[in-house]
Amino acid sequence: MERFNSDLYLTTSQVAELLSVHPSTVKRWCNEKDLEVTKTDGGHRRLHLQDVLELARERSIATFLDPFTPYEGHVWTAVNQAIDEGSYARIHSLAMGWLTRGQIRRLTALFTELGRHPGVSFADFCDLGVRGFMREVGETWRAGRLRVGEEHMATEALIEVLIRMREVALEARESGESRRVAVVGSMEGDRHNIGGLCVRLMLERHGWKVFFLGADVPVEDFAAMQKSRDADLVCISFAPPNTAADMKRAVRILGEFYDRAHPYALALGGDLSESPFLDDVELPFRELGILGSMRDFDRALSEDFGPRTPEIPVDDVA
Ligand code: B12
């Protein structure tokens, strides 16, 4: 019985999902002895991952584990731990191992497959998967156990993953619908742009049209782009060396440029240890606030925006 606790024994529905076939097909394979079946004490069928993958190879059925040979078992366990327990520790340790051994294609494939897995929300993928891993990369670099070049390889790999995911998302989207417009970028002086890429993709998944300005964008340019594109939302990502004071300065400058003929909402976010108190700043914008995660942003986009463009009554702006 003990061996059925192993993560590598799959139920028939897990096999069906992995191979993208109907569960009745898996049962037929079991009955016809194409797959070796082991039964639990309760009489339920269990199939070993390696047997399943062997059958898939014989029948030219692709699975998301194909790029990871011979580590399919490790990836299967890590992905399931992320989905079932919300723990990305195994994903991160696999990714870190491949990074330090220079196996960047595997690292890229791991995050690509994780990002497109139906059991992983895009918000969790960003907050727990990408941010969690990059934090570990940053800490390992600071501890002197990772070279700058390796940190850069990790960054480039994750940027590639986010761009690939975007292409798939854009292809899948119906064109012609009326869309709300957002301007997204990182604060001037800040060269970190993965957070901004997450924001762009989250908005596009919510059906927004996004003007992505990249990193190190002068605050005045956010204001100018908002006006020229008549954007409904401006999103600015913040990370060190910027501080809470820089965030406050950005809000003040945007307030000075605010034109009530072009109302918009403002969302600030990113990796700042302390957030400024904005209570004492006059805010003409409809504020989405300072959001620490994609999960919060996802919720704010669904709840606060509803189906239509936000409008600020002129009286509230004066
Ligand atoms: C990659 C990286 C770099 C790369 C960036 C490349 C690139 N193209 O982005 C490079 C090498 C350029 C770099 C440079 C520097 N870096 Co750096 N960097 C990192 C690292 C390892 C990862 C950052 C990252 O991509 N995270 C992943 C993203 C997804 O996370 P995130 O930005 O937090 O975004 C998430 C949320 O915050 C939120 N979010 C973000 N933006 C927004 C916006 C909105 C609107 C919303 C709603 C949400 C939201 O959603 C995202 C998903 O969860 C971090 C380590 C860490 N702890 O993060 C250090 C880190 C941030 N860097 C650090 C430092 C010190 C620097 C440098 C000063 C180093 C130097 N001496 O030159 C320079 C600064 C350069 C500059 N002017 O910006 C320190 C900061 C320490 C501190 N608190 O002061 C860190 C923490 C590393 C460390 N452990 O010491 N860095």
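What you see is a predicted model, and the numbers here were worked out from it, not measured in a lab.

A. Representation of the site of the ligand. Taken together, the neighbourhood of the ligand is formed by 35 residues, with Gly-138, Gly-195, Ser-237, Pro-240 and Gly-269 sitting nearest. Of all the elements in the fold, those that place two or more residues in the shell around the ligand are helix 7 (122-142), helix 8 (148-172), helix 9 (194-205), strand 6 (233-238), strand 7 (265-270) and helix 12 (294-305). Per-class residue counts for the shell around the ligand are 16 nonpolar, 10 polar and nine charged. Composition of the shell around the ligand by domain shows at least three residues from each of domain 2 (68-171) and domain 3 (176-317).

B. Summary view of helix 8. Taking 1.5 Å of rise per residue, the 25 residues of helix 8 would be expected to cover 36 Å, and the 37 Å separating its terminal C-alpha atoms lies within 8% of that figure. Within helix 8, the full set of buried residues consists of Ala-154, Ala-157, Leu-158, Val-161, Leu-162 and Met-165. On the buried face of helix 8, the contacting elements are helix 5 (89-100), helix 6 (104-116), helix 7 and helix 9.

C. Fine view of unusual backbone geometry. Residue Pro-70 is reached from Thr-69 by a cis peptide bond, and omega for that bond is 5°. Mapped onto the fold, Pro-70 is located in the loop between helix 3 (49-58) and helix 4 (72-85). The step from Pro-240 to Pro-241 runs through a cis peptide bond, and the omega angle for that step is 10°. Although it is not a glycine, Lys-33 sits at a positive phi angle of roughly 60°. Following the sequence through the fold, Lys-33 ends up in the loop between helix 2 (23-31) and strand 2 (38-39). Unusually for a residue other than glycine, Asp-216 sits at a positive phi of about 55°.

D. Structural context of the confidence of the model for the chain. With 87% of its residues at a pLDDT of at least 70, the chain reaches an overall mean of 88. pLDDT under 50 marks residues 307-318. Its contacts with residues more than four places away, or in other chains, come to 13 contacts.

E. Just the nonpolar core, in detail. The biggest cluster of nonpolar side chains holds 83 residues, and the ones touching the most others in it are Leu-110, Ala-182, Cys-198 and Val-234. The element best represented in this core is helix 9, accounting for seven residues. Apart from the residues lying within four places of it in its own chain, the contact partners of Ala-182 are Leu-203, Trp-208, Val-210, Ala-231, Asp-232, Leu-233 and Cys-235.

The rules we used
Residues numbered from 1 in each chain as written. Predicted model: local features only at pLDDT ≥ 70, side-chain atom pairs only at ≥ 80, totals over all residues. Near = placed C-beta within 6 Å. Helix = DSSP H or I, 4+ residues; strand = E, 2+ residues; numbered from the N terminus. Nonpolar A, V, L, I, M, F, W, Y, C, P; charged D, E, K, R; others polar. Domains from an automatic or database assignment. Expected span 1.5 Å × (residues − 1). Buried ≥ 20, exposed ≤ 12 C-beta atoms within 10 Å, placed from the backbone. Contact = placed C-beta atoms within 7 Å. pLDDT = per-residue confidence, 0-100. Core = buried A, V, L, I, M, F, W, Y, C linked by C-beta atoms within 7 Å.

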